[in-house]
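Okay, here's what each chain looks like letter by letter:
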Amino acid sequence: MIPFLDVGAAYTELKHDIDKAVATVMESGWYILSPEVDAFETEWAAFCGAQHSVGVANGLDALTLSLRALDVGAGDEVIVPSNTYIATWLAVTSVGAVPVPVEPDPSTHNIDPNQIEAAITPKTKAIIPVHLYGQPADMDPILSIAHAHGCAVIEDAAQAHGAAYRGQRIGGHGDIACWSFYPGKNLGALGDGGAITTNRADLAERIRVLRNYGSREKYINEELGTNSRLDPIQAAVLRVKLKHLEEWTNRRRDIARIYSEGLEGLDIVLPHVPQWADPAWHLYVIRARSREALQSALKSQGIDTLIHYPVPPHMQKAYASLGIAADSLPIARNLADEVLSLPIGPQLGLEAARKVVDVLRGVI
Ligand SMILES: *Cc1c(COP(=O)(O)O)cnc(C)c1O
């Protein structure tokens, strides 16, 4: 059996260090924010090449608080990819703004910069590119369009820990980048967690206040904040795992190489990596026209795959009220019908990756 991703195996590999780090927090008597969270924020900002990081409760809150820190709200529009995980859209609607979807470039699955300008109106306040599957979006044209129209750029980096765009790690290209440490992400906690990174001191400061009841000083509330703090126990786990993130990303790259070389020439579409991109390979996504048949053939030979994502946000019941016709975003719709994510992760092993290649070559 080859699982899609064994998150428990990541814990097993580092059990000794993680147990010790967690025990230290438990014995410290400091369970909210704390020096542990401060230390993680410093280390995470440094890893991302950004000046500031603020830990929050999860990736969705990172996005929502970023929008709030930029004063995006009712009456505003925010450009989002049509083919992202629903969290990107939910952040926008939760602050009362309207998500305006833009289709991806079908070769990279990332937002197509050439289609952004047509979606901009006087109400557009921000653009949220998603570095989908850990593959960086094409930031330079996105940033120049945003600059020309006075929009902010909020990066949804929830899948892009350790990815690089034109040689520079994701985390400091736009105004602010949003991270999730959900257990299955490339840097995953043992529960929920999230953060923002930014080079803008004003945004970092505002999010520090917003995440903690709108308060800088205990019982003094400057604005309507929320409770969205990174848990110190999770910060301790993340600090241990962060030391291994580069090595673990390299293991993902090795698996991706085995897939890309081994699957060449088959009647499936393999990931396309632009020359300026160094993906973190959160997911290795192929496209197959008879996706369901392929998925069950793999399953019958013990190989688990997943679909990211089977239903695009505009076709979800949750967004019926936006009234976006299903076929008005045909690229997102077609990708949802064809994508298939192969097993990948730092603990998968190269032998398992070769087995996936052999089985795939046998069933296509
Ligand atoms: C995981 C994810 C999120 C949300 O992160 P949570 O920590 O689960 O709230 C947002 N955007 C994308 C693209 C994601 O993959």
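A few points on the structure.

**Brief notes about the overall build of the protein chain**
Line of reasoning, step 1. Secondary structure assignment for the protein chain yields 12 helices and 14 strands.
Line of reasoning, step 2. Viewed in the frame of its principal axes, the protein chain has a C-alpha envelope of about 65 × 55 × 35 Å.
Line of reasoning, step 3. Looking at the 364 residues of the protein chain, the share that counts as buried comes to 57%.
Line of reasoning, step 4. At a minimum sequence separation of 6, the contacts of the protein chain that also span at least 24 residues come to 70%.
Line of reasoning, step 5. Accessible area of the protein chain: about 15200 Å², with a carbon and sulfur share of 53%.
Line of reasoning, step 6. Of note, the protein chain has its 31 positive side-chain charges centred 3 Å away from the centre of its 43 negative side-chain charges.

**Notes on unusual backbone geometry**
Line of reasoning, step 1. In this model, His-308 is joined to Tyr-309 through a cis peptide bond whose omega is 10°.
Line of reasoning, step 2. Along the chain, the position of Tyr-309 falls in the loop between helix H10 (291-300) and helix H11 (330-338).
Line of reasoning, step 3. One non-glycine residue, Ser-34, lies in positive phi territory at about 95°.
Line of reasoning, step 4. You can see Ser-34 is positioned in helix H3 (residues 34-48).
Line of reasoning, step 5. Unusually for a residue other than glycine, Tyr-219 sits at a positive phi of about 70°.

**Re the site of the ligand**
Line of reasoning, step 1. In the region of the ligand, the neighbouring residues are Asn-58, Gly-59, Leu-60, Tyr-85, Ala-87, Val-130, Asp-156, Ala-158, Gln-159, Ser-180, Lys-185 and Tyr-309.
Line of reasoning, step 2. The backbone of Gly-59 places a nitrogen or oxygen atom 2.8 Å from an oxygen atom of the ligand.
Line of reasoning, step 3. One nitrogen or oxygen atom from the side chain of Lys-185 is found 3.0 Å from an oxygen atom belonging to the ligand.
Line of reasoning, step 4. In terms of residue class, the shell around the ligand is made up of six nonpolar, four polar and two charged.

**A closer look at the packing of helix H9 (residues 245-262) against helix H12 (residues 350-363)**
For any two helices packed against each other, the geometry is given by the interaxial angle and the distance between the axes.
Line of reasoning, step 1. Where H9 contacts H12, the two axes come as close as 9 Å, and the packing angle between them is 20°. Relative to H12, H9 is oriented roughly parallel. The hand of the H9/H12 crossing is right-handed. Contacts from Asp-254, Ile-255, Ile-258, Tyr-259 and Gly-262 of H9 reach H12 at Leu-350, Ala-353, Arg-354, Val-356, Val-357 and Arg-361.

**Observations regarding the sheet that holds strand S12 (residues 277-278)**
Line of reasoning, step 1. Reading across the sheet, the three strands line up as S7-S6-S12 and stay open at both edges, with antiparallel pairing between neighbours. Strands with a single pairing partner mark the edges of an open sheet, and in this sheet they are strand S7 (168-169) and S12.
Line of reasoning, step 2. Bridging between strand S6 (residues 164-165) and S7 involves two bridges; their strand directions are antiparallel. Its bridge partner being in S7, Ala-164 is matched across the sheet by Arg-169.

**Topic: the packing of aromatic side chains**
Line of reasoning, step 1. In the structure shown here, the tally under the stated rule is 10 aromatic pairs.
Line of reasoning, step 2. Pairing Phe-40 with Trp-44 gives two aromatic rings, centres 6.2 Å apart and planes at 10°, and the pair type is stacked. Placement of both Phe-40 and Trp-44 in helix H3 is noted, with a separation of four residues, approximately one turn of the helix. Each member of the pair, Phe-40 together with Trp-44, is buried.
Line of reasoning, step 3. When the centroid spacing of 5.7 Å and the interplanar angle of 80° are considered together, the rings of Trp-44 and Phe-181 count as edge-to-face. Of this pair, Trp-44 sits in helix H3 while Phe-181 is found in the loop between strand S8 (176-180) and strand S9 (194-198), placing the two residues 137 residues apart along the sequence.
Line of reasoning, step 4. Among the aromatic residues, those joined into a cluster by ring pairs are Phe-40, Trp-44, Phe-47, Trp-179 and Phe-181.
Line of reasoning, step 5. One Lys or Arg, Arg-169, reaches over the ring of Phe-47 and ends 3.7 Å from the middle of that ring.

**Things to note about the packing of H10 against H12**
Line of reasoning, step 1. Here H10 crosses H12 at 125°, and the two axes come no closer than 10 Å. Relative to H12, H10 is oriented oblique. Like other packed secondary-structure pairs, H10 and H12 cross with a definite hand, here right-handed. Along the contact surface, H10 presents Leu-294, Ala-297 and Leu-298, while H12 presents Val-359, Leu-360 and Val-363.

What counts, and where the lines are drawn
- Residues numbered from 1 in each chain as written.
- Predicted model: local features only at pLDDT ≥ 70, side-chain atom pairs only at ≥ 80, totals over all residues.
- Heavy atoms only, no water.
- Helix = DSSP H or I, 4+ residues; strand = E, 2+ residues; numbered from the N terminus.
- Buried < 20%, exposed > 50% of the residue type's maximum accessible area, 1.4 Å probe, protein only.
- Contact = heavy atoms within 4.5 Å.
- Areas by Shrake-Rupley, 256 points an atom, 1.4 Å probe, with all protein chains shown as cover.
- Lys, Arg positive; Asp, Glu negative; His and termini not counted.
- Charge placed at Lys NZ, Arg CZ, Asp CG, Glu CD.
- Near = heavy atom within 4 Å.
- Polar contact = N/O pair within 3.5 Å; in protein donor to acceptor, adjacent residues only side chain to side chain.
- Nonpolar A, V, L, I, M, F, W, Y, C, P; charged D, E, K, R; others polar.
- Axes fitted to C-alpha atoms, helices over the stretch in contact; angles between N-to-C directions.
- Parallel < 35°, antiparallel > 145°, perpendicular 65-115°, else oblique.
- Left-handed = near helix turned anticlockwise from the far one by under 90°.
- Pairing = 2+ DSSP bridges.
- Phe/Tyr/Trp six-rings, centres within 6.5 Å; stacked < 30°, edge-to-face > 60°.
- Lys NZ or Arg CZ within 6 Å of the ring centre and 35° of its normal.

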